[in-house]
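Topology and contacts: notes
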Amino acid sequence: MLGLLSEMFSYGFLTRAFLVGTLVSLAAALLGVSLVLKRYSMIGDGLSHVGFGALSIAFALNLAPLYVSIPACVVAAFFLLKISENSKIKGDAAIALIASSSLAIGVIATSLSSGLSVDVYGYMFGSILAMQQSDVYISVALSVAVLAVYVLCYNKIFAITFDADFARATGTKAGFYNMLLALLTALTIVVGMRIMGTMLISSLIIFPALSAMRVLRSFKGVIICSGIISIVCFFLGMVFSYVFSIPTGASVVVVNLAVFLIFYVIGKLLKR
């Protein structure tokens, strides 16, 4: 096992992917707990489709992908929050509306330009081979910023997660912290797209939180367990991807699925 790990991390691109993937997995897991509890977990899926649309337009116009997808996902996150709060369109319907529209725009932009190129395919399904040094710097900076803001605002995020009305009554600016949660989610989605792909990145938000909730009941316990699960699953996914020559994003998702099933069984046994 040590020989395998030594061989893997002798490659610079794998070391870069592991660094970025660990930070993204941790950030996604922490945010995922609040999003799942607020029944807003599919925002990750919606924003990933927005990311695909933005990336397709960026490639068609020969622009830097991250510089287009970051503002697009941030604006979409705010828009989703405002739609679900201030109109008759509920959260799941708003996400479906934005996701399908963005996907359609992305498909049209791709078909009108060069078609499904290697770069577009890599962003759709993830490609650790394409991690450049500049991608690492941007991804690490954004991931660290997301984690730092989450830790600093932990108590406020806890309050709005369980009872936004009560939090608002006690003086907490619930609207601001909901916006902050949406912003952090958008940044995490954008950063994770390079490794996981736009089609699979939402799994990092959903699976670890659901797995932890099968066996734990306290918010802090679920947060800690979710973070550990996410990092371990990403690491194992990378190892399986390297050994069996399969896409990293898909490998990570399958490992997360296996862990969820294990925790589901453990949760059933503990209830007995």
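Just so you know, these numbers come straight off a predicted model, no measurement behind them.

**Brief notes about the overall build of the protein**
- In terms of regular secondary structure, the protein is built from 13 helices and zero strands.
- Along the chain direction, N to C, the helices and strands of the protein fall in the order α-α-α-α-α-α-α-α-α-α-α-α-α.
- Expressed as a percentage of its 272 residues, the buried residues of the protein come to 51%.
- Accessible surface computed for the protein: about 12,800 Å², of which carbon and sulfur atoms make up 70%.

**Side note on the environment of Gln133**
- Turning to its location among the elements, Gln133 is positioned in helix H7 (residues 133-152).
- On the basis of relative accessible area, Gln133 is assigned to the partly exposed category, the value being 40%.
- Note: C-alpha distance between Gln133 and Phe13 (120 residues apart in sequence) is 8.9 Å.

**What to know about the packing of aromatic side chains**
- A complete count under the given rule lists seven aromatic pairs for this structure.
- Consider the rings of Tyr154 and Phe219, whose centres lie 5.9 Å apart with planes at 40°: the pair is tilted. One end of the pair, Tyr154, is in helix H8 (residues 154-162); the other, Phe219, is in helix H12 (residues 219-244), and 65 residues separate them in sequence.
- Aromatic side chains Phe207 and Phe260 sit 6.3 Å apart centroid to centroid with 65° between the ring planes, which places their arrangement in the edge-to-face category. Remark: Phe260 occurs in helix H13 (residues 248-271) and Phe207 occurs in helix H11 (residues 202-213); sequence separation between them is 53 residues. Both residues of the pair, Phe207 and Phe260, belong to the buried class.
- Grouped by ring-pair contacts, the aromatic residues Tyr154, Phe158 and Phe219 constitute a single cluster.

**Comments concerning H11**
- For H11, with twelve residues, the first-to-last C-alpha span of 17 Å sits near the 16 Å given by 1.5 Å per residue.
- For H11, the buried fraction is high: eleven of the twelve residues fall into the buried class.
- Regarding H11, the residues found buried are Ser202, Ser203, Leu204, Ile205, Ile206, Phe207, Pro208, Ala209, Ser211, Ala212 and Met213.
- Buried positions along H11 lie against helix H2 (12-37), helix H3 (43-60), helix H10 (174-196), H12 and H13.

**Quick look at a nonpolar patch on the surface**
- There is a patch of nonpolar side chains on the surface, built from Ile224, Ile228, Val232, Leu236, Phe240, Val243, Phe244 and Ile246 and spanning about 700 Å² of accessible area.
- Summarising the element assignment, Ile246 is placed in the loop between H12 and H13.

**Re the packing of H2 against H10**
- H10 packs onto H2 with a crossing angle of 145° between their chain directions and a minimal axis gap of 9 Å. Like other packed secondary-structure pairs, H2 and H10 cross with a definite hand, here left-handed. Counted together, Ala17, Val20, Gly21, Val24, Ala27, Ala28, Leu31, Ser34 and Leu35 of H2 and Leu181, Leu184, Thr185, Thr188, Val191, Gly192 and Ile195 of H10 form the full contact between these two elements.

**Digging into unusual backbone geometry**
- If you check the backbone angles, Ser245 has positive phi at about 55° while not being a glycine.
- Topologically, Ser245 is positioned in the loop between H12 and H13.

**Topic: the environment of Leu81**
- Residue placement: Leu81 occurs in helix H4 (residues 65-86).
- Taking the C-alpha atoms as reference, Leu81 lies 7.5 Å from Ala182; in sequence the two are 101 residues apart.
- Filtering out sequence-adjacent residues up to four positions away, Leu81 remains in contact with Tyr40, Asn178, Met179 and Ala182.

**Topic: the nonpolar core**
- With 76 residues, the main nonpolar core has Val33, Ile43, Leu47, Leu80, Tyr150, Leu204 and Ile229 as its most contacted residues.
- By residue number, the principal contributor to this core is H10, which donates 14 residues.
- Discounting chain neighbours no more than four positions away, the residues touching Leu204 are Val24, Ser25, Ala28, Ala29, Met196, Val252 and Asn256.

Conventions adopted
- Residues numbered from 1 in each chain as written.
- Predicted model: local features only at pLDDT ≥ 70, side-chain atom pairs only at ≥ 80, totals over all residues.
- Heavy atoms only, no water.
- Helix = DSSP H or I, 4+ residues; strand = E, 2+ residues; numbered from the N terminus.
- Buried < 20%, exposed > 50% of the residue type's maximum accessible area, 1.4 Å probe, protein only.
- Areas by Shrake-Rupley, 256 points an atom, 1.4 Å probe, with all protein chains shown as cover.
- Phe/Tyr/Trp six-rings, centres within 6.5 Å; stacked < 30°, edge-to-face > 60°.
- Expected span 1.5 Å × (residues − 1).
- Contact = heavy atoms within 4.5 Å.
- Patch = residues over 30% accessible without salt bridge, like charges linked within 9 Å, V, L, I, M, F, W, Y side chains within 5 Å.
- Salt bridge = Lys/Arg side-chain N within 4 Å of Asp/Glu carboxyl O.
- Axes fitted to C-alpha atoms, helices over the stretch in contact; angles between N-to-C directions.
- Left-handed = near helix turned anticlockwise from the far one by under 90°.
- Core = buried A, V, L, I, M, F, W, Y, C linked by side-chain atoms within 4.5 Å.

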